[in-house]
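# Observations on the model geometry
Residue strings, one per chain:
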Amino acid sequence: MRRPTPAALAATAALLAATACGGTPTADDADGLTTVTAGVIPIVDVAPVYLGVEQGFFEDRGIDLRLESGSGGAAIVPGVISGEFDFAFSNIVSLVIAREQGLPLTALSNGVTSAGEQGADFGGVFVLSDSDVTGAADLEGLTVAANNLNNIGDTTVRQSVRAAGGDPAEVDFVELPFPDMPAALETGQIDAVWAVEPFASTIREAGHREIASNFVDTHPDLSVAAYFTSETRIAEDPDLFEDVTAALHESLAYADANPDEVRRILADYTEIDPSLIERMALPRFPEEIHEESVRTLADLMVTDGLVDEAPDLDGLLR
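As a starting point, this report considers the structure included with it.

Rules used throughout
- Residues numbered from 1 in each chain as written.
- Predicted model: local features only at pLDDT ≥ 70, side-chain atom pairs only at ≥ 80, totals over all residues.
- Heavy atoms only, no water.
- Patch = residues over 30% accessible without salt bridge, like charges linked within 9 Å, V, L, I, M, F, W, Y side chains within 5 Å.
- Areas by Shrake-Rupley, 256 points an atom, 1.4 Å probe, with all protein chains shown as cover.
- Salt bridge = Lys/Arg side-chain N within 4 Å of Asp/Glu carboxyl O.
- Lys, Arg positive; Asp, Glu negative; His and termini not counted.
- Charge placed at Lys NZ, Arg CZ, Asp CG, Glu CD.
- Helix = DSSP H or I, 4+ residues; strand = E, 2+ residues; numbered from the N terminus.
- Buried < 20%, exposed > 50% of the residue type's maximum accessible area, 1.4 Å probe, protein only.
- Pairing = 2+ DSSP bridges.
- Axes fitted to C-alpha atoms, helices over the stretch in contact; angles between N-to-C directions.

## Digging into a negative patch on the surface
- Together, D130, D132, D138, E140, D167 and E170 give the surface a local cluster of negative charge.
- Inspection of the secondary structure puts E170 in the loop between helix 6 (152-163) and strand 7 (172-175).

Have a look at this one:
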């Protein structure tokens, strides 16, 4: 679930001049369907798009959707800008930063949303069972791990600290891959971790305590990620992207109404232990981006210094 860093996004800006004339035109396959390629990550969040392919929601609209899965998100934004992907999936903070750096990205639909319940979200902040930390304000002066710095994890954890009356500037964030977090917590290398499923359930089941639901603390309907493309690709084929968006909406609605189907399909494209799949918390999958929650995130990004001034979200949110 590693996301594009601001540094990676800055490097991507160099691609703009080279791709000013647009990406590679989408081809038709032997069945008369239009081939569309999407960049995704093998995580819980993208279950709806896999279900959408399986259920025929894209094919019904004349689309042969090819899902390209990678180990991380660092190449997702460059892949869309270069034309390698027609659209892709990434978290909202990365997309806002990319727009602020001049990359013409725009959201097609919501991707994944907080479950909205304290202590029952698909991510949270965890400490050892015998830790003296009882709430987010107690993280002042301590070390907290996030999978990526200056991104949606530490931005929302800072808000948990702020909401609890603490000073987020006094929290020391370190970058650590999600799979390494349980061991680092247990050996005392760090004081707390921000983790998402399935790692959150692994930590819970080891007996450790959740002291904050950072997505919920930021906004109970927080749109965490979105499916996006470039303004150039939409201009090249607006009808195609209307169909892509409609199929994404249908896929999200199906996933939201069928959590058992979400759990079932996770075994097809992730390496999550099947027994854990049945127990872990799932996010929600509304079709539409919750704009107020995105504006809340954008304000926090200014407060935390990720961007210099209030971002213009109109282009991103269309």
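## Overview of the pattern of salt bridges
- Under the definition given, this model contains 15 salt bridges.
- Linking E205 and R279 is a salt bridge whose minimum nitrogen-to-oxygen distance equals 2.6 Å. Remark: R279 occurs in the loop between helix 13 (274-277) and helix 14 (291-303) and E205 occurs in helix 8 (residues 199-205); sequence separation between them is 74 residues.
- Residue classification places E205 among the partly exposed residues on the basis of a relative accessible area of 45%.
- Its relative accessible area of 47% is what places R279 among the partly exposed residues.
- The salt bridge partner of D314 is R295, with a shortest N-O separation of 3.7 Å. Of this pair, D314 sits in helix 15 (residues 314-317) while R295 sits in helix 14, and the two are 19 residues apart along the sequence.
- On the basis of relative accessibility, which here comes to 51%, the residue D314 falls in the exposed class.
- The network of salt bridges with common partners includes E54, E261 and R264.

## Comments concerning the sheet that holds strand 1 (residues 34-40)
- The strand order across the open sheet built from five strands is 2-1-3-10-4, with neighbouring strands paired in mixed fashion. This sheet does not close on itself; its edge strands, each paired only once, are strand 2 (63-69) and strand 4 (105-113). Direction aside, the axes of adjacent strands within the sheet are offset by 25° on average.
- Bridge count between strand 1 and strand 2: seven bridges; the pairing is parallel.

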